[in-house]
Amino acid sequence: MKKTFKLLSVCLISVMALTACGGDAAENNASSTGSNVIRMSGSTSMEKFANTLKETYLADTGIEIDCQFTGSGAGIQAVTDGTVDIGNSSRALSDEEKAAGIAENIVALDGIGIITDKANTVDNITKEDLAKIYTGEIKNWNELGGSNSAIVVIGREAGSGTRGAFEEILGIEDKCVYAQEINSTGAVMAKVASTPGAIGYVSLDVIDDTVNCVKIDGITANADNIKNGSYALQRPFVMATKGSISEQKQEVQDLFSYIKSDKGQEIIANVGLVSAE
Amino acid sequence: MEKVLPILKRISKSSSSDRSIMSGKGYVSFMEQLMECVFTLCGLSAVAAVAAITIYMIISGTPAIFKVGITEMLFGTVWAPTAAEPSFGIAYIVLTSIIGTVMSIVIGVPIGLMTAVFMSEMAEKRTAAIVKPAVELLAGIPSIVYGLLGLLIINPAMGRIEKILFSNSENHVMNGGANLISAVLVLSIMILPTVINVSETSLRAVPLSVRQASLALGATKIQTIFRVTIPAAKSGIITAVVLGVGRAVGEAMAIVLVSGNTVNIPLPFNSVRFLTTGIVSEMGYASGLHRETLFTIGLVLFVFIMIINIVINFILEGGDKNE
């Protein structure tokens, strides 16, 4: 009898402890039904930006943004169909898409810097040569006028936004032959700095003087050259709408003016992007 | 002594239900019961954690197996989770984990065993007083520190060797020394403390009389160590090896820094990816099926560890029977 009582009480306490953990799952689902919610869907590369925007916007205005990350193409399709208010795209819109009445609202620019170790003498690479380096066609720096040392191709892990952007801009998706895949920007910087003959790509904002930042087609990577469009390794972050911003519902218009405001620009700078303004 | 034990047991059993000798009041008995309940609960928490982890790993790891197909996943060699037509073959990753672990055992266990022999059989007290704390310190160093040392020392050295060996190679992808050997070297240093401590304990447990008998028969000290002491401590040493395997197979933070982390055939100078580092490096941004597949890799790793644990239990039981 005593044993049964003991076992029962043990069971009871553990069950209570377990149920206490599962309480809040049901509450989260109810959020996306309100009419003033802004629905947004699209580019996975813009996930960091979109989520930061969503959180800050909710904290500042109390208005929910419902974000889905389905890919640029799917995002534009969704805004064309009218199932979302904003379609996120990490590439410029095609003429067809624009003809369908979709407005290309560029909110920010994403720039990628190419870095090499300090001892490397090559300071300029063409876009074509860069693609060849990353697909394994060019294997030695002497083919590009540098010293006779092998190129150690360093990149990011699959799923990384920077990797996606880099491969997309150069048109070498899934063709890259990496020697090392590293899972953070800082670690790429450290690896490139410490490995002779290394080349890597990182967001522009993190580059410091531990590495060389290579010119692409003779253009230095900096915010000005990204804004005027001359630097090649960049892509726009588009928040596309059906029709111009002024035709949207008030909540969406407010969101765009929020992005243009100082607070919005701060978010853009914080996630490592260049302002489109 | 043996006659006293059952009596003691009887006393301790009865004291939980009867009144304590310390007090004549009933609440002591209640306190006894309550504490017993608390102890049972604490004991069960470990079981609950294992059960929860097992259930969670199976629930989150199996969907991807059915979506991708088990043969395609386990025997496929192309890992391209974010490609337009994604491919989730983890054969090279599994192979790397197996080969990397075996190689680090081959390097680490002889060194560890010899150190244990040195500490238990050869060393004078003063020397042992230096070696033992050093080994204990080795066990306490966080794995990321091993990784950093590998990054700063082993990788550049490997990079120089690679440059000499592969300067004219057409197919080799230069990786600056982040390769399988670097990871294996780091792993074999990391398993040393486990191997040393467990095998030293088992060597010390061999009765002195066994050694004395061997020496009295005219065997030299070295002969005694290899023919008598080590065989006598066999089951403990095997346990040490299996624990070392467990440590090596489950290590992630140290080798993610030194192994290069691209999916390749595990050849010595190739940049490779282990099961653990595969999860660590891609979990951050993975989504959808890619993420589910990472959980499946976790499940594979979990099965590995389970097998190792079953083996170790088997050995320990076998060892008990021998004694």
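Residues numbered from 1 in each chain as written. Chains lettered and ligands numbered in written order. Predicted model: local features only at pLDDT ≥ 70, side-chain atom pairs only at ≥ 80, totals over all residues. Heavy atoms only, no water.

1. With respect to the overall build of chain B
Within chain B, the regular secondary structure consists of 13 helices and two strands. Burial status across chain B gives 41% buried among its 323 residues. Look at the contacts in chain B between residues 6 or more apart in sequence, and 70% of them connect residues 24 or more apart. As displayed, chain B has an accessible area near 17,800 Å², and 70% of this comes from carbon and sulfur atoms. (Helix = DSSP H or I, 4+ residues; strand = E, 2+ residues; numbered from the N terminus. Buried < 20%, exposed > 50% of the residue type's maximum accessible area, 1.4 Å probe, protein only. Contact = heavy atoms within 4.5 Å. Areas by Shrake-Rupley, 256 points an atom, 1.4 Å probe, with all protein chains shown as cover.)

2. Quick word on the domain arrangement of chain B
Residue and element names in this part refer to chain B. Domains assigned within chain B are domain 1 (20-59) and domain 2 (90-322). On a C-alpha basis, the centres of domain 1 and domain 2 stand 37 Å from each other. Counting residues at the interface gives five residues for domain 1, matched by five residues for domain 2. Note on domain 1 versus domain 2: buried area summed over both sides is about 410 Å², and carbon and sulfur give 85% of it. Looking only at domain 1, the three residues that lose the most surface to domain 2 are T54, Y56 and M57, adding up to 76% of its buried area. The tally of links between domain 1 and domain 2 comes to zero salt bridges. At the boundary of domain 1 and domain 2, one finds zero residue pairs in polar contact (both at pLDDT 80 or more). Here the residues of the side of domain 1 that touches domain 2 sort into four nonpolar, one polar and no charged. (Domains from an automatic or database assignment. Buried area = accessible area lost by both parts, 1.4 Å probe. Salt bridge = Lys/Arg side-chain N within 4 Å of Asp/Glu carboxyl O. Polar contact = N/O pair within 3.5 Å; in protein donor to acceptor, adjacent residues only side chain to side chain. Nonpolar A, V, L, I, M, F, W, Y, C, P; charged D, E, K, R; others polar.)

3. Examining the pattern of salt bridges
Applying the stated criterion across every chain, the model contains 16 salt bridges over all chains. A salt bridge links R91(A) to E97(A); its shortest N-O distance comes to 3.3 Å. Counted as one network, the salt bridges with shared partners bring together R163(A), E167(A), E181(A), R273(B) and E282(B).

4. Comments concerning a nonpolar patch on the surface
Residues and elements named next belong to chain B. Taken together, the side chains of I144, V145, L148, L149, L152, I153 and M253 present a nonpolar region at the surface, about 620 Å² in accessible area. For the nonpolar patch, the leading source of residues is helix α6 (residues 143-165), giving six residues. The topology assignment puts M253 in helix α11 (residues 253-258). (Patch = residues over 30% accessible without salt bridge, like charges linked within 9 Å, V, L, I, M, F, W, Y side chains within 5 Å.)

5. Focus: the interface of chain A and chain B
As a measure of interface size, the accessible area lost when the parts come together is often cited. Facing the 26 residues of chain A at the interface are 33 residues of chain B. Connecting chain A to chain B are one salt bridge. E181(A) serves as the salt-bridge partner of R273(B), at 2.7 Å between the closest nitrogen and oxygen. Viewed at the interface, chain B and chain A are joined by six residue pairs in polar contact (both at pLDDT 80 or more).

6. Points about α6(B)
If you look at α6(B), its biggest bend is around 40°, right at G150(B). All of the buried residues along α6(B) are S143(B), Y146(B), G147(B), G150(B), I154(B), N155(B), M158(B), G159(B) and E162(B). (Bend = angle between axes of the 7 residues up to and from the residue.)

7. What to know about the confidence of the model for chain B
Scored by pLDDT, chain B comes out at a mean of 87, with 90% of its residues at no less than 70. Listed scores for the predicted complex are pTM 0.76 and ipTM 0.73. (pLDDT = per-residue confidence, 0-100.)

8. Some remarks on unusual backbone geometry
Residues and elements named next belong to chain A. Within the chain, D174 stands out as a residue other than glycine whose phi angle is a positive 60°. Turning to its location among the elements, D174 is positioned in the loop between α7 (161-170) and β8 (180-182). What makes D174 partly exposed here is its relative accessible area of 43%.

9. Observations regarding the state of the cysteines
All names here are of chain B. In total, this model carries zero disulfides over all chains according to the counting rule given. In this structure C37 is a free cysteine whose sulfur lies 9.8 Å from that of C42, the closest cysteine sulfur available. For C42, a relative accessible area of 48% puts it in the partly exposed group. (Disulfide = S-S within 2.5 Å.)

10. What about the domain arrangement of chain A?
All names here are of chain A. Taken domain by domain, chain A comprises domain 1 (37-109 + 236-275) and domain 2 (111-234). A separation of 28 Å is found between the C-alpha centroids of domain 1 and domain 2. Counting residues at the interface gives six residues for domain 1, matched by seven residues for domain 2. Around 620 Å² of area is buried between domain 1 and domain 2 when both sides are counted, 57% of it from carbon and sulfur atoms. It is L109, G272 and V274 in domain 1 that bury the most area against domain 2; as a group they hold 62% of the surface buried on that side. The tally of links from domain 1 across to domain 2 stands at zero salt bridges. At the junction of domain 1 and domain 2, the tally comes to zero residue pairs in polar contact (both at pLDDT 80 or more). Tallied by class, the residues present in the side of domain 1 that touches domain 2 amount to two nonpolar, three polar and one charged.

11. Let's talk about the pairing of strand β2 (residues 65-69) of chain A
Residue and element names in this part refer to chain A. Note that strand β1 (residues 38-42) and β2 share five bridges and pair parallel. Along β2, the bridge assignment pairs S41 with Q68. For the segment spanning β1, helix α3 (residues 47-61) and β2, crossover handedness is right-handed. (Pairing = 2+ DSSP bridges. Right-handed = clockwise from strand over helix to strand, strands pointing away.)

12. Re the pairing of strand β7 (residues 152-156) of chain A
Residue and element names in this part refer to chain A. Burial runs high along β7: five of the five residues are buried. Here β7 shows two buried faces, one formed by V152, I154 and R156 and the other by V153 and G155. For β7 and β8, the ladder comprises three bridges, and the chain directions are parallel. Paired with G155 across the bridge in β8 is E181. At this point the chain moves from β7, through α7, to the parallel β8, and the crossover so formed is right-handed.

13. Describing the environment of S94(A)
Positionally, S94(A) belongs in the loop between β3 (86-89) and α5 (95-99). Counting along the chain gives 39 residues from S94(A) to E55(A), while the straight-line C-alpha distance between them is 30 Å.

14. A word on the nonpolar core
Across soluble globular proteins, nonpolar side chains have a tendency to be buried as a group. Within the largest apolar cluster, 32 residues are counted, with the highest numbers of intra-cluster contacts made by I114(A), L130(A), I133(A), Y134(A), F166(A), I199(A) and L233(A). Elements with a contribution of two residues or more to this core: β5 (106-116), α6 (127-135), α7, β9 (198-203) and β10 (212-216) of chain A. (Core = buried A, V, L, I, M, F, W, Y, C linked by side-chain atoms within 4.5 Å.)

15. Side note on the packing of α6(A) against α7(A)
Residues and elements named next belong to chain A. α7 packs onto α6 with a crossing angle of 120° between their chain directions and a minimal axis gap of 10 Å. Taken together, α6 and α7 sit at an angle that is classed as oblique. α7 is crossed by α6, and the crossing has left-handed handedness. Where α6 approaches α7, its residues K127, L130, A131 and Y134 are matched on the opposing element by F166, I169 and L170. Class assignment of the residues belonging to the contact of α6 with α7 gives a composition of six nonpolar, no polar and one charged. (Axes fitted to C-alpha atoms, helices over the stretch in contact; angles between N-to-C directions. Parallel < 35°, antiparallel > 145°, perpendicular 65-115°, else oblique. Left-handed = near helix turned anticlockwise from the far one by under 90°.)

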